[in-house]
Amino acid sequence: MIRIALPDLAATAELGRRLGQLARNGDVILLHGGLGAGKTTLTQAIAVGLELPPEQHVSSPSFALLHEYSGGRLPLFHLDLWRLAGEDDVEAAGLLDYIGGPGLTVIEWPERLGSLRPAARLDVFLEAVSEQERVCSLEGWGERAEELRNALAARQP
Ligand SMILES: Nc1ncnc2c1ncn2[C@@H]1O[C@H](COP(=O)(O)OP(=O)(O)OP(=O)(O)O)[C@@H](O)[C@H]1O
Ligand SMILES: [Mg+2]
């Protein structure tokens, strides 16, 4: 597990931008962390790294479960499973088709996936330390996710 200090919003923005730049077709990123930890904020920065047009503003998809953004280097599928009870709901909502498909998949509240959690994934844990400060921990599962994790860690001082 690699830890990255995010002392302010700019640091989170930089991490997300790098992640968006490094992302490849089929990558899956699970964003763990409590309410207000910064999952949507990080996703917005990932969209910047993917060069999504600014009019495709990434918002919190809590009411939509899934937002799809196109026009960037890769399509972005942003899922927020907060409102779902568990894996049966995930399946019933037809969300499985979107996970790990073409483009980059980013999932908030991935705990809801239960046993449907993909084996190959980058786990990102966000934790609030203070109002401005976050700590990010990264764990890569599978060769590709490990490569991503190492590339992100390499830039840390
Ligand atoms: N270093 C930081 N990194 C990320 N967000 C920060 C940071 N400092 C302050 N914030 C603020 O914390 C809030 C994070 O909210 P955000 O919606 O991204 O959280 P979330 O994890 O998606 O929550 P939810 O579970 O409700 O979807 C934002 O208002 C953001 O501006
Ligand atoms: Mg959110």
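Below is a summary of the structure that appears in this document. In this text the structure is predicted, and so the values were computed from the model without any measurement.

## Brief notes about the pairing of strand β4 (residues 76-80)
Moving on, step 1. Along β4, five of the five residues are buried, which leaves the element largely enclosed by surrounding structure.
Moving on, step 2. Note that strand β3 (residues 66-69) and β4 share four bridges and pair antiparallel. If you follow Tyr69 over to β4, its bridge partner there is Leu76.
Moving on, step 3. Between β3 and β4, which pair antiparallel in sequence order, lie six residues; one of them, Gly71, sits at a positive phi of approximately 100°.
Moving on, step 4. For the crossover from β4 across helix α3 (residues 87-92) to strand β5 (residues 104-108), the handedness is right-handed.

## What to know about helix α4 (residues 143-154)
Moving on, step 1. Compared with the 16 Å implied by 1.5 Å per residue over 12 residues, the 16 Å span of α4 between its first and last C-alpha is a close match.
Moving on, step 2. Listed in full, the buried residues belonging to α4 are Ala145, Leu148 and Leu152. Down the axis, α4 shows its buried residues gathered within 55° of arc, on one side only. Away from its buried face, by an angle of more than 90 degrees, α4 presents the exposed residues Glu143, Asn150 and Ala154.
Moving on, step 3. Where the residues of α4 are buried, they touch α1 (9-22), β6 (121-128) and β7 (134-141).

## Looking at helix α2 (residues 39-49)
Along an α-helix, residues three or four apart share an orientation, since each turn contains 3.6 residues.
Moving on, step 1. Taking burial as the measure, the 11 residues of α2 include eight buried ones, the bulk of the element.
Moving on, step 2. Taken together, the buried positions of α2 are occupied by Lys39, Leu42, Thr43, Gln44, Ala45, Ile46, Ala47 and Gly49.
Moving on, step 3. The secondary structure elements touched by the buried residues of α2 are α1, β2 (28-32), β3, β4, β5 and β6.
Moving on, step 4. Of the residues flanking the end of α2, it is Glu51, one or two places downstream, whose phi is positive at about 60°.

## So, the site of ligand 1
Moving on, step 1. In the region of ligand 1, 16 residues are neighbours, and Thr12, Gly38, Lys39, Thr40 and Thr41 sit closest.
Moving on, step 2. Elements supplying a minimum of two residues to the shell around ligand 1: α1 and α2.
Moving on, step 3. Here the shell around ligand 1 takes three residues from α2, the largest share from any one element.
Moving on, step 4. Classifying every residue of the shell around ligand 1 gives four nonpolar, eight polar and four charged.

Definitions and cut-offs
Residues numbered from 1 in each chain as written. Chains lettered and ligands numbered in written order. Predicted model: local features only at pLDDT ≥ 70, side-chain atom pairs only at ≥ 80, totals over all residues. Buried ≥ 20, exposed ≤ 12 C-beta atoms within 10 Å, placed from the backbone. Helix = DSSP H or I, 4+ residues; strand = E, 2+ residues; numbered from the N terminus. Pairing = 2+ DSSP bridges. Right-handed = clockwise from strand over helix to strand, strands pointing away. Expected span 1.5 Å × (residues − 1). Arc of directions from axis to C-beta. Contact = placed C-beta atoms within 7 Å. Near = placed C-beta within 6 Å. Nonpolar A, V, L, I, M, F, W, Y, C, P; charged D, E, K, R; others polar.

None of this, on its own, says anything about what the molecule does.
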